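This is what each chain is made of:
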Amino acid sequence: SMASPALLMRVVASAYSVAEKAATIVRNVMAAGDLGIVEKTGANDLQTKADRLVQMSICASLARKFPKVTIIGEEELPTDEVTEELIEDGHCEEILKKTCPAQYTGIKEEELVIWVDPLDGTKEYTEGLLDHVTVLIGIAYGGKAIAGVINQPYYNYEAGTDAVLGRTIWGVLGIGAFGFQLTEAPAGKHIIITTRSHSSTLVNDCISALNPDSIIRVGGAGNKIIQLIEGKASAYVFASPGCKKWDTCAPEAILHAVGGKITDIHGNSFQYNKEVKHMNSAGVLATLRNYDYYASRIPNTVKQSLVP
């Protein structure tokens, strides 16, 4: 008989279905019209009913199947009983058919950390910029992001009423990434993608130093990484401390699975073990290709301002 799939593949296969359920919740909350917006630390740091319900759904669904895995979500929520309708028990068969990379076959539940951003781009969600919104489930082992799922609940939302809404992108280091068409940005063009609502002098000085041909300002870390892997942007640059581990874990795994690179502004890789601080205090630099070109042009003044 066939050996049962390795734990990692089971976790990713479940995370895929859990992310699709999350997308349905996100769309239902928006359709119902009451977003239940709460300011956390200010007008650029919001939480909605969708953030809360999605996090409960993701964390409870994965914890039920994989009780010894550490799950860290963005929102601080009461641990009330989660209603059954929020639980997703399914998994993606397609993922279970893939062979687990040899270096990950022996992983035990207690060695995995799952970083969850239930709704990346909350501010954009509240403003109706729906294509910026993603659901992020990142899976880390030994402090490294090794697998990830990104769902875009509103992918295709401008394509008319018959269009199928939403898509799920997933990846595992050593297998690759799926659910999108890998495309490189135009050669020789420096298209920088950066923050939309967290700009500063430092952020802008850093971008100027890279001699950009154009600058794209959008919300959501998940959204920015998708722009890189689909060739719409050549580098994601954010010279500021705002980003957190749950913003970068899933996107990092997917970017690395297709040969890209993400670090802080100094070139340090991110650590994702459960004890790590949540803030990526030294910013973000990510590319699908030509990482060294951009890294070498980050001004020292910028580096000195951002302490890891």
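Residues numbered from 1 in each chain as written. Predicted model: local features only at pLDDT ≥ 70, side-chain atom pairs only at ≥ 80, totals over all residues. Heavy atoms only, no water.

## Describing the sheet that holds strand β9 (residues 191-194)
Strand order in the open sheet formed by five strands is β10-β9-β11-β13-β12, and the pairing between neighbours is mixed. Every other strand in the sheet has two partners, leaving β10 (214-217) and β12 (261-263) as the edge strands with one partner each. The average undirected angle you get between the axes of adjacent strands in this sheet is 20°. In the sheet, β9 pairs with strand β11 (residues 235-238) via two bridges, with the strands oriented parallel. (Pairing = 2+ DSSP bridges. Helix = DSSP H or I, 4+ residues; strand = E, 2+ residues; numbered from the N terminus. Axes fitted to C-alpha atoms, helices over the stretch in contact; angles between N-to-C directions.)

## Considerations on the domain arrangement of the chain
Under the domain assignment used here, the chain contains domain 1 (7-178) and domain 2 (191-305). Placing the centre of domain 1 and that of domain 2 at their C-alpha centroids yields a distance of 21 Å. Of the roughly 2,600 Å² buried at the junction of domain 1 and domain 2 (both faces included), carbon and sulfur atoms supply 65%. One can count three salt bridges joining domain 1 with domain 2. Scanning the region where domain 1 abuts domain 2 turns up nine residue pairs in polar contact (both at pLDDT 80 or more). (Domains from an automatic or database assignment. Buried area = accessible area lost by both parts, 1.4 Å probe. Salt bridge = Lys/Arg side-chain N within 4 Å of Asp/Glu carboxyl O. Polar contact = N/O pair within 3.5 Å; in protein donor to acceptor, adjacent residues only side chain to side chain.)

## Overview of the sheet that holds strand β7 (residues 167-172)
Note: strands within a sheet are paired through backbone hydrogen bonds, in either parallel or antiparallel orientation. Spatially, β3-β4-β5-β6-β7-β8 is the arrangement adopted by the six strands of the open sheet, whose pairing is mixed. Every other strand in the sheet has two partners, leaving β3 (70-73) and β8 (176-178) as the edge strands with one partner each. Each neighbouring strand pair of the sheet contributes to a mean axis angle of 15°, computed without reference to strand direction. Here strand β6 (residues 144-152) pairs with β7 via six bridges, running antiparallel. Along β7, the bridge assignment pairs Val-149 with Trp-170. With respect to the sheet, helix α2 (residues 49-65) is in contact with β3, β4 (112-120) and β5 (134-141), its orientation differing from that of β4 by roughly 155°. Across the sheet, helix α6 (residues 221-229) touches β4, β5, β6 and β7, and the angle it forms with β5 is around 85°. (Contact = heavy atoms within 4.5 Å.)

## What to know about the nonpolar core
Counting residues in each nonpolar core, the largest one holds 104 residues, and the members touching the most others are Leu-8, Val-12, Ile-58, Trp-115, Tyr-125, Ile-137 and Tyr-236. If one sorts the elements of this core by residue count, helix α1 (residues 7-32) sits on top with 14 residues. In this structure, this core is formed jointly by two domains, domain 1 (7-178) and domain 2 (191-305), each of which donates at least three residues. With residues up to four places along the chain from it excluded, the contact list for Trp-115 reads Ile-72, Leu-136, Ile-137, Gly-138, Ala-140, Lys-245, Trp-246, Cys-249, Tyr-272, Asn-273, Val-276 and His-278. (Core = buried A, V, L, I, M, F, W, Y, C linked by side-chain atoms within 4.5 Å. Buried < 20%, exposed > 50% of the residue type's maximum accessible area, 1.4 Å probe, protein only.)

## Concerning the packing of α1 against α2
Two packed helices can be described by the angle between their axes and the distance between those axes. With their axes 9 Å apart at the nearest point, α1 and α2 run at an angle of 160° to one another. Classified by the angle between their axes, α1 and α2 sit roughly antiparallel to one another. In this structure, the crossing between α1 and α2 has a hand that is right-handed. Packed against α1, whose contacting residues are Ser-14, Ala-15, Val-18, Lys-21, Ala-22, Ile-25, Val-26 and Val-29, the element α2 presents Lys-49, Ala-50, Leu-53, Val-54, Ser-57, Ile-58, Ser-61, Leu-62 and Lys-65 at the interface. Each residue belonging to the contact of α1 with α2 can be placed in one class, and the counts come to 11 nonpolar, three polar and three charged. (Parallel < 35°, antiparallel > 145°, perpendicular 65-115°, else oblique. Left-handed = near helix turned anticlockwise from the far one by under 90°. Nonpolar A, V, L, I, M, F, W, Y, C, P; charged D, E, K, R; others polar.)

## Here's the deal with helix α5 (residues 201-208)
Given 3.6 residues per helical turn, the α-helix brings residues three or four places apart onto the same face. The set of residues buried in α5 consists of Val-203, Cys-206 and Ile-207. Along the axis of α5, the buried positions cluster into a sector of 100°, meaning they face one direction only. Within α5, the exposed residues directed more than 90 degrees away from the buried face are Thr-201 and Ser-208. Buried residues in α5 make contact with β9, β10, β11 and α9 (300-305). (Arc of directions from axis to C-beta.)

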